[in-house]
Amino acid sequence: METFDLRLLALAVFAAMGYALATIGMKLASGHWSFLAAGLILLGFIAATQTEILLMRGVSLGALYLLIIAIETLVVLTYAYAIGEGLSARDVGGGVLILLGVALVSH
């Protein structure tokens, strides 16, 4: 994976958080639609999209998405655990495989 400076890493985290925010909005909308759910979805996707446009100017697409997927996986699994959905061995295993895949491809 390319060398990320602190600015690019911060932008990648922001993009991942945008996707995670949209995912949280979708989880809220799965129970019932609300302005909060719709707002989180829109805000998350807009933030992620705008941040990725900036990132694509300095980072290759493959490296960028590997980093974003790894961060988003951690955030969403943490959120799922925090709202009481629990994490099965399969959920944790899937998250670990994603992170291992990122580690393997990045070297």
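This text follows the structure it describes.
Model, not experiment: these values are computed from the prediction.

Colleague: Describe in detail the overall build of the protein chain, supporting the description with residues and values.
Modeller: What the protein chain contains, in helices and strands, is four helices and zero strands. Along the chain direction, N to C, the helices and strands of the protein chain fall in the order α-α-α-α. Dimensions of the protein chain, computed from the C-alpha atoms along their principal axes, are close to 40 × 35 × 20 Å. Taken across its 107 residues, the protein chain has 33% of its residues classed as buried. Total accessible area on the protein chain stands at roughly 6700 Å², and carbon and sulfur atoms take up 73% of it. If you average the places of the 4 positive and of the 6 negative side-chain charges in the protein chain, the two averages end up 4 Å apart.

Colleague: Describe the environment of Met26, and please don't skip the residues or the numbers.
Modeller: Here Met26 shows up in helix H1 (residues 6-31). Met26 gets classed as partly exposed once you look at its relative accessible area, which sits at 38%. Taking the C-alpha atoms as reference points, Met26 and Arg7, 19 residues apart in sequence, are found 29 Å from one another.

Colleague: An account of the environment of Ala103 is requested, with residue identities and associated values reported.
Modeller: Mapped onto the elements of the fold, Ala103 is located in helix H4 (residues 89-106). Along the primary structure Ala103 and Ala70 are separated by 33 residues, whereas in three dimensions their C-alpha atoms are 9.5 Å apart.

Colleague: Lay out a nonpolar patch on the surface with the relevant residues and their values.
Modeller: A surface patch of nonpolar side chains, about 570 Å² in accessible area, is lined by Met56, Leu61, Tyr65, Ile69, Leu74, Ile98 and Leu99. Taken together, the elements giving at least two residues each to the nonpolar patch come down to helix H3 (61-82) and H4. Ranked by residues supplied to the nonpolar patch, first place goes to H3 with four residues. Mapped onto the fold, Leu99 is located in helix H4. For Leu99, a relative accessible area of 30% puts it in the partly exposed group.

Colleague: Describe the packing of aromatic side chains, listing the residues and the values that go with them.
Modeller: Applying the stated criterion across every chain, the model contains one aromatic pair. Arranged with centres 6.1 Å apart and planes meeting at 75 degrees, the rings of Tyr19 and Phe45 form a pair that is edge-to-face. A residue pair is termed long-range when its members are at least 10 positions apart, and Tyr19 in helix H1 and Phe45 in helix H2 (residues 35-55) qualify at 26 residues.

Colleague: Before we move on, could you go through H1 and cite the residues and values that matter?
Modeller: The first and last C-alpha atoms of H1 sit 38 Å apart over 26 residues, in line with the 38 Å expected at 1.5 Å per residue. Three or more residues of H1 are buried, namely Leu8, Leu11, Ala12, Ala15, Ala16, Gly18, Tyr19, Ala20, Ala22, Ile24, Gly25 and Ala29.

The rules behind each value
Residues numbered from 1 in each chain as written. Predicted model: local features only at pLDDT ≥ 70, side-chain atom pairs only at ≥ 80, totals over all residues. Heavy atoms only, no water. Helix = DSSP H or I, 4+ residues; strand = E, 2+ residues; numbered from the N terminus. Buried < 20%, exposed > 50% of the residue type's maximum accessible area, 1.4 Å probe, protein only. Areas by Shrake-Rupley, 256 points an atom, 1.4 Å probe, with all protein chains shown as cover. Lys, Arg positive; Asp, Glu negative; His and termini not counted. Charge placed at Lys NZ, Arg CZ, Asp CG, Glu CD. Patch = residues over 30% accessible without salt bridge, like charges linked within 9 Å, V, L, I, M, F, W, Y side chains within 5 Å. Salt bridge = Lys/Arg side-chain N within 4 Å of Asp/Glu carboxyl O. Phe/Tyr/Trp six-rings, centres within 6.5 Å; stacked < 30°, edge-to-face > 60°. Expected span 1.5 Å × (residues − 1).

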